[in-house]
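Residues per chain, in single letters:
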Amino acid sequence: MVAAAETAVNGEAGTTALAWIVTVLPLVSFFLIVLFGKRLPGGGAWIGIVAVGAGLVMSLVVLSHFIGGGEATELSEDWFRVGDLRFELGQYVDGLTAVMLVVVTTVSLCVQVYSLGYMRGDARFTWFYAVISLFTGSMLNVVIANNLLQLLVGWELMGVCSYLLIGHWWEEKENSDSAIKAFITTRIGDVPFLFGIFVLIVATGTANIPEITGAIGGGAISRGLLTAGALLLFGGAIGKSAQFPLHVWLPDAMAGPTPVSALIHAATMVAAGVYLVGRMFSVFVNADPWVLTFVAAIGATTMLIAALLAMIQDDIKRVLAYSTVSQLAYMVAGLSLGPAGYTAGLFHLFTHAFFKALLFLGSGSVIHAVHSNNMSEMGGLRRPMPVTFWTFLIGSAALSGIPPLAGFWSKDEIISTAFHEQHYIVWGIALVTAVITAFYMARAVLLTFFGEYRGHGHPHESPATITGPLVVLAGLSVVVGFLNATAFDVTLFSEWVHFGEGEHLPFNYGFAAISVVGALAGIAVGYRLYARWRERDPLRRLGPAYTLLERKYFLDDVYLRGVVRPIQYRASAAVNWSNRFILDGIVHTFAWTARQFSRLVEVVDRRVVDRGVNTAAGLTGFTGGILRYIQSGNVQRYAVFLFVGVILLAIGISIRA
Amino acid sequence: MIRLPLVLFFSAGLFSVGVYGVLARRNAVLVLMSIELMLNAVNVNLVAFSQLLRDTILAGQVFALFVITVAAAEVGIGLAIVILIYRNRETINIDEVNLLKW
Amino acid sequence: MIAQISPPELDFLPVAPELVLAGGGMAIMLAEAALPRVTSRVLLIASLLIVAGAAGITVALWGWDGEPTVLAGMVATDRFAVLIRGVLLAVAAIGAVYGHHQFDRAGERRPEFFPLLLFATTGMTLIAAASDLILTFLALEILSLSLYVLAGFSRRVTASEASMKYFLLGAFSSAFFLYGVALAYGATGTTSIGGIARALSGPSEGLPLAMVAAALLAVGFSFKVAAVPFHMWTPDVYQGAPTAVVGFMSAATKVAAFAALIRVFNVAFLPLSWDWTPIVGVLAAVTMVVGSLLAIAQTDVKRMLAYSSIAHAGFILTGVMAANQEGIASATFYLVAYALMIVGAFGVVLLVSGDERTSLSSYAGLAVRSPLLAALLSLFLLSLAGIPPTAGFMAKVSVFRAAVDAGHTWVVIVAVLASVVAAFFYLRVIVLVYMKEPEEELQPDRSPLPALTVAVPAVATLVLGVFPGLVFGLLETASIFRW
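These numbers come from a predicted model, not from an experiment.

### Section: the overall build of chain C
In step 1: Each helix and strand in chain C was counted, giving 19 helices and two strands.
In step 2: Counting only C-alpha atoms, chain C reaches 70 × 60 × 40 Å along its principal axes.
In step 3: Expressed as a percentage of its 483 residues, the buried residues of chain C come to 69%.
In step 4: Once local pairs closer than 6 in sequence are excluded, the contacts in chain C between residues at least 24 apart make up 80%.

### Description of the overall build of chain A
In step 1: A tally of helices and strands in chain A yields 25 helices and three strands.
In step 2: Counting across all 657 residues of chain A, residues that qualify as buried make up 56%.

### Side note on the interface of chain B and chain C
In step 1: Every contact between the two is made by 32 residues of chain B and, on the other side, 32 residues of chain C.
In step 2: The leading source of residues in the side of chain B that touches chain C is helix α3 (residues 59-89) of chain B, at 14 residues.
In step 3: Looking at the side of chain B that touches chain C, its residues break down into 24 nonpolar, five polar and three charged.

### Here we look at the confidence of the model for chain A
All names here are of chain A.
In step 1: With 80% of its residues at a pLDDT of 70 or more, chain A shows a mean pLDDT of 76.
In step 2: Taken together, the stretch residues 1-10 has pLDDT below 50 and engages in 21 contacts with residues farther than four places along the chain or on a different chain.
In step 3: Segment residues 562-595: pLDDT under 50, and 30 contacts once partners within four positions in sequence are set aside and those in other chains are kept.

### Brief notes about the packing of helix α3 (residues 79-106) of chain C against helix α4 (residues 113-129) of chain C
All names here are of chain C.
In step 1: Closest axis-to-axis distance for the α3/α4 pair is 10 Å, and the angle between their directions is 165 degrees. As far as their axial angle goes, α4 and α3 are roughly antiparallel. The hand of the α3/α4 crossing is right-handed. Of the residues in α4, those in contact with Ala-81, Ile-84, Arg-85, Leu-88, Leu-89, Ala-92, Gly-95, Ala-96, Gly-99 and Phe-103 of α3 are Phe-113, Phe-114, Leu-117, Thr-121, Met-124, Thr-125, Ala-128 and Ala-129.

### Observations concerning the interface of chain A and chain C
In step 1: Contact with chain A, which involves 42 residues of that partner, is made by 49 residues of chain C.
In step 2: Contributing elements (two or more residues each) for the side of chain A that touches chain C: β2 (73-82), α5 (148-166), α6 (173-204), α23 (555-607) and α25 (635-656) of chain A.
In step 3: Residue contributions to the side of chain A that touches chain C peak at 13 residues, all from α25(A).
In step 4: Looking at side-chain class alone, the side of chain A that touches chain C contains 30 nonpolar, seven polar and five charged residues.

### Observations concerning unusual backbone geometry
In step 1: The omega torsion of the bond from Val228(C) to Pro229(C) falls at 5 degrees, within 30 degrees of zero and hence cis.
In step 2: The residue Pro229(C) is located in the loop between α8 (207-225) and α9 (233-240) in this model.
In step 3: Phi at Met269(A) takes a positive value of approximately 50 degrees, unusual for a residue other than glycine.
In step 4: Note on placement: Met269(A) falls in the loop between α10 (258-266) and α11 (270-279).
In step 5: Since 28 C-beta atoms lie within 10 Å of it, Met269(A) is described here as buried.
In step 6: Residue Glu90(B) is not a glycine yet carries a positive backbone phi of 60 degrees.
In step 7: On the secondary structure map, Glu90(B) appears in the segment after α3.

### Comments concerning the packing of α3(B) against helix α6 (residues 157-188) of chain C
In step 1: At a minimum axis distance of 10 Å, the contact between α3(B) and α6(C) shows a crossing angle of 165 degrees. Taken together, the axes of α3(B) and α6(C) lie roughly antiparallel to each other. Here the hand of the crossing between α3(B) and α6(C) comes out left-handed. Contact residues: α3(B) offers Ala59(B), Gly60(B), Val67(B), Glu74(B), Ile77(B), Gly78(B), Ile81(B), Leu84(B), Ile85(B) and Asn88(B), while α6(C) offers Val157(C), Ser160(C), Ser163(C), Met164(C), Phe167(C), Ala171(C), Leu178(C) and Tyr185(C).
In step 2: In the contact of α3(B) with α6(C), the residues fall into twelve nonpolar, five polar and one charged.

### Quick notes on helix α19 (residues 469-478) of chain C
Residues spaced three or four apart along an α-helix point in a common direction, a consequence of the helix completing one turn every 3.6 residues.
In step 1: For α19(C), the set of buried residues is Val471(C), Phe472(C), Leu474(C), Leu475(C) and Ala478(C). For α19(C), the angular spread of the buried residues around the axis is 160 degrees, confining them to a single face.

### Section: the environment of His371(A)
In step 1: With respect to the helices, strands and loops of the structure, His371(A) is situated in the loop between α15 (339-370) and α16 (386-400).
In step 2: Note: C-alpha distance between His371(A) and Pro404(A) (33 residues apart in sequence) is 34 Å.

### Points about the environment of Ala531(A)
In step 1: Its location among the elements puts Ala531(A) in the loop between α21 (509-530) and α22 (544-550).
In step 2: Expressed as a C-alpha distance, the spacing of Ala531(A) and Leu446(A), which sit 85 residues apart in the sequence, is 6.3 Å.

### With respect to the environment of Ala271(A)
Residues and elements named next belong to chain A.
In step 1: With respect to the helices and strands, the residue Ala-271 is situated in helix α11.
In step 2: Sequence spacing of Ala-271 and Phe-350 is 79 residues, and the spatial spacing of their C-alpha atoms is 9.3 Å.
In step 3: Contacts of Ala-271, omitting those with residues within four sequence positions, involve Leu-349 and Ala-353.

### A few points about the confidence of the model for chain C
In step 1: Chain-level statistics for chain C give a pLDDT mean of 89 and a share of 96% at 70 or above.
In step 2: Scored as a complex, the prediction yields pTM 0.71 and ipTM 0.95.

The rules behind each value
Residues numbered from 1 in each chain as written. Chains lettered and ligands numbered in written order. Predicted model: local features only at pLDDT ≥ 70, side-chain atom pairs only at ≥ 80, totals over all residues. Helix = DSSP H or I, 4+ residues; strand = E, 2+ residues; numbered from the N terminus. Buried ≥ 20, exposed ≤ 12 C-beta atoms within 10 Å, placed from the backbone. Contact = placed C-beta atoms within 7 Å. Nonpolar A, V, L, I, M, F, W, Y, C, P; charged D, E, K, R; others polar. pLDDT = per-residue confidence, 0-100. Axes fitted to C-alpha atoms, helices over the stretch in contact; angles between N-to-C directions. Parallel < 35°, antiparallel > 145°, perpendicular 65-115°, else oblique. Left-handed = near helix turned anticlockwise from the far one by under 90°. Arc of directions from axis to C-beta.

Here it is as structure tokens:
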């Protein structure tokens, strides 16, 4: 993308032309840090901070374009051409893009400042900043991309970055295992995503997102293709945004340093999945209606099961991780309500980013002080760590949906839209989940900050580089909700982000009251159970249900036994089988049978003498089987295959001719 | 003049004999000779086509000369490799040369 | 019936790169015989100068505006040939450094390496420019004969075995190829690639014969590019041959053979494209799947890269089967990207394991021992896996899109699945390199020259991943054949 890019489908680019600079800044800073970081004072961290800070300022300028009711704009430049094919590199900026730019840069800035203190003295400090910059840049690229291929580049890069960051402390095997798990799980989602992109390109003949949206709006695309495309794209979102059944990677991603968790959970990576659904929303809306029902089912399921899991965790970061999964499901459920829920779902994405980043950074501050992730080794921290305590409390209240904090406005909007759109099941589950959310956050706050200190040493308040971002994020968590405070007729956010006409519901005090009462009830139960520390978690009284939660619904076991192990151990065996019986069978069936028979006789014979040796030998022979037979090392066998190839080609040709 | 299809069948037969030799013979030198047989079968083909098509520039026949040259070079290298194998393994049975596999 | 043969006009400039390479190779051979004490370093510098000279002429040929073919229609002067030559010469220069380093370090004196490398390169550049099947065959033999010898360039027993297997199977397959040439000649009355196209575009009674000819020619090319089921030699030869030679041949042979395949099938047999595209599609699909699946089961890094190279042949065939300019351009881009990443990957293997310790387990913890080599290896593997922002990703995207646009969606579906499978085994190596503790004392080679040489394709891989337009720009004119 060059500055002299041609404009613009919908209007003058104006200040939105800055958007691509926002994306390029962190990428530039990535290269600068990699190249020069080690030689600079401060390990190059300030390069990243300055870059993302400048990005934030520009993002705000871009956003200002929409405050006055600006139109969406597009800039693009040919990236390269293959024959008649065009690949473009461009930006598409509408209200959603602008909002996401602000969110990503804000959170990234806070995280980077915070890491100055948190990561001080880390062996790979410079590397950490480099990857964080790349991570931020990749997400920004996903946000501004005007075509699916460019989006895919950012999407994949984020996968690689998350892999690097989660495994940042790879010296411990557990951490590198988690990194691999994250990478592979999200890649499983990437397969349908790739096919989804192909379906859309095949259906519309272009990868350009506004053009795809236009073509769909024009009704040129068959509904069948759209349905397939929507389902496949949603597969990608399930993986990236950690929805059931691919949510398993997110809690393990806690293995990374805490600032990374904040970044992954709040503004990048997981947000990308929801953002994708929002960006490609017309595909979902115009597909067969059951697609959105399916999306709603996934959202509702994930919401509840993740919230239940969050109740029993001892690791404070895992509580927050499951809470992220659950909140993402809120957004997905919001989007599944169709055009009416579009603004609500994405508004929750927006507000959640701030308070979830706050909560993660707050938990990091606590972990920094007590050197443990476990809440059983915390307690009573409100006195030594007042700033952390108050900011964490604000974050928890926002997440629980206590008015007038940010979470209240967005969550309430989803819940009331669900009711209004007559999705009563979604509505019910969302309401129950809201109660559980308030409960587990109350539990976390009580276990961490109240009672007696149960850990080792004497915790102190963290330095200003850590508390500073906390205070800023806490402030934001208080105010951002008012961008769409329907109670006061403020609908700024829905002017920026809407689908179609974007009518919004009038504020309903009745529903708001139900939500608030629910949240308060959750907090009350939490207080009742956890006001006093008990060695044994009161929830254990749930018996088998607790075990079910403790084992994460046995999902990990199912994956391990059903998917991972067979891939690990059986893939080669399967290849062996097919080769042994199909390919080699043609050549050597008889000889093989005879040999096997004699071997069998031999084995039976020797069994009396020595069992163990033969079993082992048989096993090795079996595993190496197919490859040994097909790639036998005998050059004439190879020539036979070559000749068979010639014959097959000749047959193929004569069939065609 | 021989009728063309007959020549074609002859050369195809010769080629097949060569293929059989390559696939069935265990002795490396005999395999080499079989490959030569295949090349020469093609030479017969080339000359016959050149004649049949009344090719004014005799491309087929000239090409046959090239092929003969290439075949000579190929035998030279092939024998050198066989000697190398014999020095290393003391055998020229190609089915005994199978250290590299799987 | 000898007709009047008028001597063709001879314009040698378009084959000047080959003349320089062949002449230089012979000169080195003679010089080495006359001056037996000349060091490998001097020979290396001489070879690099020769390659640079050939490259200079090649660059000048980009602006050629004379006849589309010269030397009685034998040699094409189009930009496709020029571009491929450039890639091949770059790989040859890298290969020369690898070879010098490997033999020098092992204390083996092998001065014949350089002339043979130059002869092989001559054959490769010639096959890319050949516009007559006679020359295609001759060039194929020139490059093959040199490579048969190079593959055995080691005292290890496995090298001679690799050489023998490569030779026997290569000669066997080139006999089929030759048969194909003869049948094409019989069917159309000409061996000129353009002439065949002209003969086939009209009504012709030789059509069935031409189809069989196309199939047999495909056998010869498929063998060289290692497409399944003509791939069996690849793992054995890659494992047995000296790593430096493998680095050169894995990249250069595939580029050269694919260039010839693309030219023959997109010019001579273009009129029959409706018939051969589905067959090439099946070949591509089978190749990708088998290559990717078998790569998983490998425990030797050279064998793993061999299967990876097989899988990549399938991806390139996906571009070829589009049978239009997009397809040619994307397949050619893929070739460039592939050459860069495989020559780089084998360069790292050369430095880490040489010829001996090629077991994958010896790569555990490489990052601790040599962070630079670990990073380079990871970059090449990421590119081979097709993860952005590397050249491998752009290459995959462009061939997939070309195939989809040409209406071959099913192959692309297979290709995407295969590349997902493939990503796992590349990732496995990266995990090994970064996440595992070193199991044995692994002492990677720390020589600066080869490391610097490996860095060149690494940078190029990244640059092409971000600015693929650099090559696609050239391909706008270089993907058009003139005949």
